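Spelled out from the first residue to the last, the chains are:
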Amino acid sequence: MTPTAGPAQGNHRATYREVLAEPRFRLLFSTRAVSITADALRITTFSVLVYSSTGSALLSAVAFGTGFLPQLFGSLLLGSLADRLPPRALITGGYVVTCAAALLLALVRMPIAASLAVVALVSLATPVFHGASSRLVAQSLKGDAYVLGRSLNNIAGAGAQLFGLALGGAAVAALGPRRALAVSALLYLGCALAVRIRLPRLRPTEYGGTPGGAVGERGAVRASLQGAGLLLRGRTVRRLMLAQWLPPAFVAGAEGLIVAYAGERHFAPGWYAVLMGCLPVGMLVGDLLVGRLLRPRGRERLVVPLTVLSGLPLIGFAAQPGVGVSSCLLLLAGFGYAYGLGLQRPFLDALPPEGRGQAFGLLGSGSMTLQGVGPVCLGSVAAGLGTGGAIAVAGGAVTLTAGWMLTWHRAGREPSRTTIPASTTTSS
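For clarity, every value in this text was computed on a predicted model and none was experimentally measured.

Engineer: Any chance you could explain helix H18 (residues 341-350) here in plain terms?
Structural biologist: Given 3.6 residues per helical turn, the α-helix brings residues three or four places apart onto the same face. Within H18, 10 of the 10 residues are buried, leaving the element largely enclosed by the surrounding structure. Turning to H18, its buried residues are Leu341, Gly342, Leu343, Gln344, Arg345, Pro346, Phe347, Leu348, Asp349 and Ala350.

Right, dumping it as structure tokens:
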């Protein structure tokens, strides 16, 4: 079934070649992949720097989480700017600001509190830059091409994150944490230059703004809060956001217990890394196969079954399986992550054209925040049920989410679309 109130428009199946042939998407796709690599390098290196300076595991964990948790607040307070400012200036500015922050951390020996504040401030603005980029992608790719564009971003994002983690370890070992941070700054600078040089300057009518008028801080915050409230009050948008937030949050909670599970089961050293790699490998394979082989309506009909597939294998951890079975279960759970591809087009159709940038920023920041909260909650459950039991609870929660999605209205009418009043979308 299609878990949305609206029918899919058309059943043309696009190809990855068609998507990559779009110059604007190709630029945003490549720079985003490089920036994700830089993010992973910067965040992990900063955690190492904090730990080497303080010897505190708690502060090191806080340093890692500071790169993610403030994003939700940034989306709520500043998200409307993604729809009100020129995208080229906004995306370029985002990379420049992140580059400057990485250089500041690399070159200036600040107190830990000040360093954390710098990272938090950058994270606060991240949803604005990402929202503007996602809005531009939605304008550049139409129909099924947009869904495959999201699939490519997912695949490249997972690969870039893994590469960034590996690069971070190598850079810290070879150069030390501060010089490794400088490497991430160079990557951000390259992204900023590429966007500034190759992305054309768009007229206000091309990105939703209108000529004239500066955006005041108070106006931007008020518009962002009102826009986020209207988006979340719309039943269709709220449901589709929750459907893209909850399963990844529960699975991330299970993923956070894999190391402890391997320790409890006394697996040989190094096997925990193999188990942790199974989820992203399953995700990559799932996105490739579902995105490439199925037509749009087929993907949308498989949303609920694939969601069940992302949760049901995790319930098997209640039986305390060994390495081989655990690996297979995690691969299957990762494959089920492809359920999200069937939600992309209904989500885009349900969004108001004048608020898409803020909606994309809220979608991403909410997902990042819940994926940070998930491991903490499941860790508490593991204290009573053990890690295998807690992973099984996560799988059960994903399966229940799929059941909730099954109760949605079947396709057969146009999706309800939230309308953001003009007063909340003052021009830039």
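Engineer: Would you mind going over the packing of helix H2 (residues 23-54) against helix H6 (residues 87-107) with me for this structure?
Structural biologist: Two packed helices can be described by the angle between their axes and the distance between those axes. The geometry of H2 relative to H6 is characterised by a closest axis approach of 12 Å and an angle of 25 degrees between their N-to-C directions. With respect to their mutual orientation, H2 and H6 come out roughly parallel. When the axes of H2 and H6 are compared, the crossing they make is left-handed. Between H2 and H6, the residues in contact are Leu28, Thr31, Arg32, Ser35, Arg42, Phe46 and Leu49 and Ile91, Tyr95, Thr98, Ala102 and Leu105, respectively. Here the contact of H2 with H6 is built from residues that sort into seven nonpolar, three polar and two charged.

Engineer: Help me understand helix H9 (residues 177-198), please; the structure alone is not making it clear to me.
Structural biologist: Helix length check: H9 (22 residues) gives 32 Å between terminal C-alpha atoms against 32 Å at 1.5 Å per residue, within 8%. Looking at H9, one finds that the buried residues are Pro177, Ala180, Leu181, Ser184, Ala185, Tyr188, Cys191, Ala192 and Val195. Within H9, the buried residues cover an arc of 155 degrees as seen down the axis, which keeps them to one side. In H9, the exposed residues that point more than 90 degrees away from the buried face are Arg179, Leu186, Ile197 and Arg198.

Engineer: Looking at this structure, how should I read the nonpolar core?
Structural biologist: As a rule of thumb, soluble globular proteins bury nonpolar side chains together. Grouped together as the largest cluster of nonpolar side chains are 65 residues, with contacts concentrated most on Met241 and Phe347. Ignoring anything within four residues of it in the chain, the contact list for Phe347 reads Val237, Leu240, Met241, Gln244, Ala359, Phe360 and Leu363. One finds Val251, Phe267, Cys278 and Leu279 within the second-largest nonpolar core, a separate group that totals 24 residues.

Engineer: What is the right way to look at the packing of aromatic side chains in this model?
Structural biologist: Aromatic ring pairs: the centre-centre distance and the angle between the two ring planes describe each pair. Tallied over the entire structure, the rule returns six aromatic pairs. Taking 6.5 Å as the distance between ring centres and 40 degrees as the angle between the ring planes, the aromatic pair formed by Tyr146 and Phe360 counts as tilted. Remark: Phe360 occurs in helix H19 (residues 356-406) and Tyr146 occurs in helix H8 (residues 144-175); sequence separation between them is 214 residues. Since its relative accessible area comes to 2%, Tyr146 is described here as buried. Here Trp404 and Trp408 contribute two aromatic rings whose centre-to-centre distance is 5.1 Å and whose plane-to-plane angle is 85 degrees, an arrangement assigned as edge-to-face.

Engineer: In this structure, what is going on with the pattern of salt bridges? I would like to understand it.
Structural biologist: Opposite charge on two side chains allows them to pair when their charged atoms are near. Per the counting criterion, the structure on display carries five salt bridges. Across the pair Arg32 and Asp39 runs a salt bridge, and its minimum N-O distance is 3.9 Å. We classify Arg32 as partly exposed; its relative accessible area is 22%. Among the salt bridges present, the one from Asp144 reaches Arg299, with a minimum N-O distance of 2.5 Å. Placement of Asp144 in helix H8 and of Arg299 in helix H15 (residues 296-301) is noted, with a sequence separation of 155 residues between them. Taking the relative accessible area as the measure of exposure, Asp144 reaches 4% and is therefore buried.

Engineer: Is there a simple way to explain the side chain of Arg150 in this structure?
Structural biologist: Structurally, Arg150 can be placed in helix H8. This buried residue, Arg150, is left without a salt bridge; Asp287 holds the nearest opposite charge, at 8.7 Å.

Engineer: Explain a nonpolar patch on the surface here, please?
Structural biologist: On the surface, Val281, Val285, Leu288, Leu289, Leu293 and Leu331 cluster together into a nonpolar patch covering about 480 Å² of accessible area. Here the nonpolar patch gets five residues from one element, more than from any other, and that element is helix H14 (residues 271-293). Inspection of the secondary structure puts Val281 in helix H14. Given a relative accessible area of 43%, Val281 falls into the partly exposed group.

Engineer: Explain the environment of Tyr261 here, please?
Structural biologist: Of note, Tyr261 is situated in helix H13 (residues 258-264). By relative accessible area, Tyr261 is classed as buried at 1%. Residues Tyr261 and Gly389, spaced 128 residues apart in sequence, show a C-alpha to C-alpha distance of 9.9 Å. Those residues in contact with Tyr261 that lie beyond four places of it in its chain are Phe267, Phe317, Gln320, Pro321, Ser326, Thr387, Gly388 and Ile391. Within the structure, Tyr261 has its side chain in polar contact with the backbone oxygen of Pro321 (distance 2.6 Å).

What counts and what doesn't
Residues numbered from 1 in each chain as written. Predicted model: local features only at pLDDT ≥ 70, side-chain atom pairs only at ≥ 80, totals over all residues. Heavy atoms only, no water. Buried < 20%, exposed > 50% of the residue type's maximum accessible area, 1.4 Å probe, protein only. Helix = DSSP H or I, 4+ residues; strand = E, 2+ residues; numbered from the N terminus. Axes fitted to C-alpha atoms, helices over the stretch in contact; angles between N-to-C directions. Parallel < 35°, antiparallel > 145°, perpendicular 65-115°, else oblique. Left-handed = near helix turned anticlockwise from the far one by under 90°. Contact = heavy atoms within 4.5 Å. Nonpolar A, V, L, I, M, F, W, Y, C, P; charged D, E, K, R; others polar. Expected span 1.5 Å × (residues − 1). Arc of directions from axis to C-beta. Core = buried A, V, L, I, M, F, W, Y, C linked by side-chain atoms within 4.5 Å. Phe/Tyr/Trp six-rings, centres within 6.5 Å; stacked < 30°, edge-to-face > 60°. Salt bridge = Lys/Arg side-chain N within 4 Å of Asp/Glu carboxyl O. Lys, Arg positive; Asp, Glu negative; His and termini not counted. Patch = residues over 30% accessible without salt bridge, like charges linked within 9 Å, V, L, I, M, F, W, Y side chains within 5 Å. Areas by Shrake-Rupley, 256 points an atom, 1.4 Å probe, with all protein chains shown as cover. Polar contact = N/O pair within 3.5 Å; in protein donor to acceptor, adjacent residues only side chain to side chain.

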